[in-house]
Amino acid sequence: MELLSRRLKQLITVSLFSTVSCYSLADTTTIQKKLESEGYKFIQPIDAPAGMKGWAGHMDKNPSTVFISNDGKYYIVGDLFDRDGNNLTVDALEKHVKNAVLDEVWEDLEKSTWIQDGKTSAPKTVYVFSDPNCPYCHAFWQQARPWVNSGKVQLKHILVGVIRPESKGQSATLLNTADAAEYFKKFNEANGKLKIKEMKPVPAKLSEQLDANTAMMDKYGFFATPAIIWKDSQGVFKSQQGMPKNIKEIMEQ
């Protein structure tokens, strides 16, 4: 079973293929502000070669290290190697950046547009990218009932429109219903056979929310639904796409 999408696996293992970039600017503060304005997040100072200061951080959740000369004239973004070819930055990224990046991924999922499934007090949360025309999404919903109904697990269904041309409009209808959770429940109880009217046109705000869900799914390397993201009992970040072969691994471990 594939437990992590390729994109998320890169984040978790910090398997980096960084392009080294060198620049010249006025001083350390100026360089830091420039990089921050471009979206770089400084997480932790790290050891650096003589005459330089180092930081571990990330740009749009892509881990990397930054080294700035003490005179503030130059900086390098990329991996640092010793004369024997050993990468000296991997450990720093693993130690300081991995968890920060994955925490932000989890926050992104929480900020997305989803339908609540189960008690909000359930101790375990599972995010599911779901398309109304995905039969495996309906099957996963059915199989998850024992854990959801018992109050042990809550699912948050991040709706997308990727399978059919009408999927986006149908997702919009589901989200725009007065009681979206109840409508979504009835839809899945009918194994997806309940007819959902395609919303035309989709209001601008709702369209943006659905597009953002789809963009997030693509950003994290998922190309099939259901795409499932959760944390195990040890807090380890895991994911997979497609119908799970062993749902207990998601719900109980």
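Residues numbered from 1 in each chain as written. Predicted model: local features only at pLDDT ≥ 70, side-chain atom pairs only at ≥ 80, totals over all residues. Heavy atoms only, no water.

Chemist: Help me out: how do you make sense of the overall build of the protein in this one?
Modeler: Counting its regular elements, the protein contains 10 helices and 10 strands. Counting over 253 residues, the protein shows a buried share of 47%. If you take every contact in the protein between residues at least 6 apart in sequence, the share linking residues at least 24 apart comes to 66%. On the protein, roughly 13,100 Å² of surface is accessible, and the fraction owed to carbon and sulfur atoms is 50%. (Helix = DSSP H or I, 4+ residues; strand = E, 2+ residues; numbered from the N terminus. Buried < 20%, exposed > 50% of the residue type's maximum accessible area, 1.4 Å probe, protein only. Contact = heavy atoms within 4.5 Å. Areas by Shrake-Rupley, 256 points an atom, 1.4 Å probe, with all protein chains shown as cover.)

Chemist: What is the right way to look at the sheet that holds strand β7 (residues 124-130) in this model?
Modeler: Two pairing modes exist for strands in a sheet, parallel and antiparallel, and in both the strands are linked by backbone hydrogen bonds. What the 5 strands build is an open sheet, ordered β6-β8-β7-β9-β10; its pairing is mixed. Whereas interior strands pair on both sides, the edge strands pair on one side only; in this sheet they are β6 (114-117) and β10 (237-241). Within the sheet, the average angular offset between the axes of one strand and its neighbour, ignoring direction, is 20 degrees. The pairing of β7 with strand β8 (residues 153-159) spans 7 bridges and is parallel. Among the inter-strand pairings, Ser130 is bridged to a residue of β8, identified as Leu159. The strands touched by helix α8 (residues 180-189) within the sheet are β6, β7 and β8, with β6 carrying the most contacts at an inclination of about 75 degrees. (Pairing = 2+ DSSP bridges. Axes fitted to C-alpha atoms, helices over the stretch in contact; angles between N-to-C directions.)

Chemist: Explain the packing of aromatic side chains here, please?
Modeler: In this description, an aromatic ring pair is defined by two values, namely the gap between the centres and the angle between the planes. This model, assessed by the stated rule, comprises 5 aromatic pairs. A ring pair is formed by Tyr40 and Phe42, whose centres lie 4.9 Å apart and whose planes are at 70 degrees; its orientation type is edge-to-face. The two residues Tyr40 and Phe42 agree in class, both being buried. For the pair Phe129 and Phe222, a centre-to-centre distance of 6.0 Å together with 40 degrees between the ring planes defines the contact as tilted. Of the two residues, Phe129 is situated in strand β7 and Phe222 in the loop between α9 (204-219) and β9 (227-231); the sequence distance between them amounts to 93 residues. Linked through ring pairs, Tyr40, Phe42 and Trp55 together constitute an aromatic cluster. Taking the ring centre of Trp141 as reference, the NZ or CZ of Arg145 above it sits at 3.7 Å. Above the plane of the ring of Trp106 lies Lys231, whose end atom (NZ or CZ) is 4.7 Å from the centre. (Phe/Tyr/Trp six-rings, centres within 6.5 Å; stacked < 30°, edge-to-face > 60°. Lys NZ or Arg CZ within 6 Å of the ring centre and 35° of its normal.)

Chemist: Quick question: what am I supposed to make of the packing of helix α7 (residues 167-176) against α9 here?
Modeler: Packed helices, taken two at a time, are described by their axes: the angle between them and the distance between them. Two elements in contact, α7 and α9, have axes separated by 10 Å at closest approach and are oriented at 115 degrees. Relative to α9, the element α7 is oriented roughly perpendicular. The handedness of the crossing between α7 and α9 comes out as right-handed. In contact with Lys168, Ser171, Ala172, Leu175 and Asn176 of α7, α9 contributes Leu206, Ser207, Leu210 and Asp211. (Parallel < 35°, antiparallel > 145°, perpendicular 65-115°, else oblique. Left-handed = near helix turned anticlockwise from the far one by under 90°.)

Chemist: Explain the packing of α7 against α8 to me, please; I cannot follow it from the model alone.
Modeler: Remark: α7 packs on α8, axes separated minimally by 7 Å, with the N-to-C direction vectors making an angle of 130 degrees. Viewed along their axes, α7 and α8 adopt a mutual orientation that is oblique. Along its contact with α7, which presents Thr173, Leu174 and Leu175, the element α8 presents Ala180, Tyr183 and Phe184. Of the residues contributing to the contact of α7 with α8, the split by class is 5 nonpolar, 1 polar and no charged. (Nonpolar A, V, L, I, M, F, W, Y, C, P; charged D, E, K, R; others polar.)

Chemist: Sorry, what's going on with the pattern of salt bridges here?
Modeler: Where side chains of opposite charge bring their charged atoms close, a pairing between them can arise. Enumeration over the complete set of coordinates arrives at 10 salt bridges. Close ionic contact of Lys41 with Glu104 constitutes a salt bridge, the shortest N to O distance being 3.1 Å. You can see Lys41 sitting in strand β2 (residues 40-46) and its partner Glu104 sitting in helix α4 (residues 98-111), a full 63 residues away along the chain. Between Asp232 and Lys238 there is a salt bridge; the shortest N-O distance is 3.8 Å. Taken individually, Asp232 and Lys238 each receive the classification buried, so the pair is uniform in this respect. (Salt bridge = Lys/Arg side-chain N within 4 Å of Asp/Glu carboxyl O.)

Chemist: Just checking my understanding: could you explain the side chain of Asp232 for this structure?
Modeler: Topologically, Asp232 is positioned in the loop between β9 and β10. Judged by relative accessible area, Asp232 falls into the buried class, the value being 15%. Side-chain polar atoms of Asp232 contact the backbone nitrogen of Gln234, separated by 2.8 Å. Once residues within four sequence positions are removed from consideration, Asp232 is found in contact with Lys124, Lys238 and Gln253. (Polar contact = N/O pair within 3.5 Å; in protein donor to acceptor, adjacent residues only side chain to side chain.)

Chemist: What's the story with α8 in this structure? I'm lost.
Modeler: Because an α-helix completes one turn every 3.6 residues, residues spaced three or four positions apart along the sequence face the same direction. Buried within α8 we find Ala180, Phe184, Phe187 and Asn188. Down the axis, α8 shows its buried residues gathered within 90 degrees of arc, on one side only. Looking at the buried residues of α8, the elements they touch are β6, β7, α5 (135-143), β8 and α7. Directly after α8, the chain includes Asn191, whose backbone phi takes a positive value near 60 degrees. (Arc of directions from axis to C-beta.)

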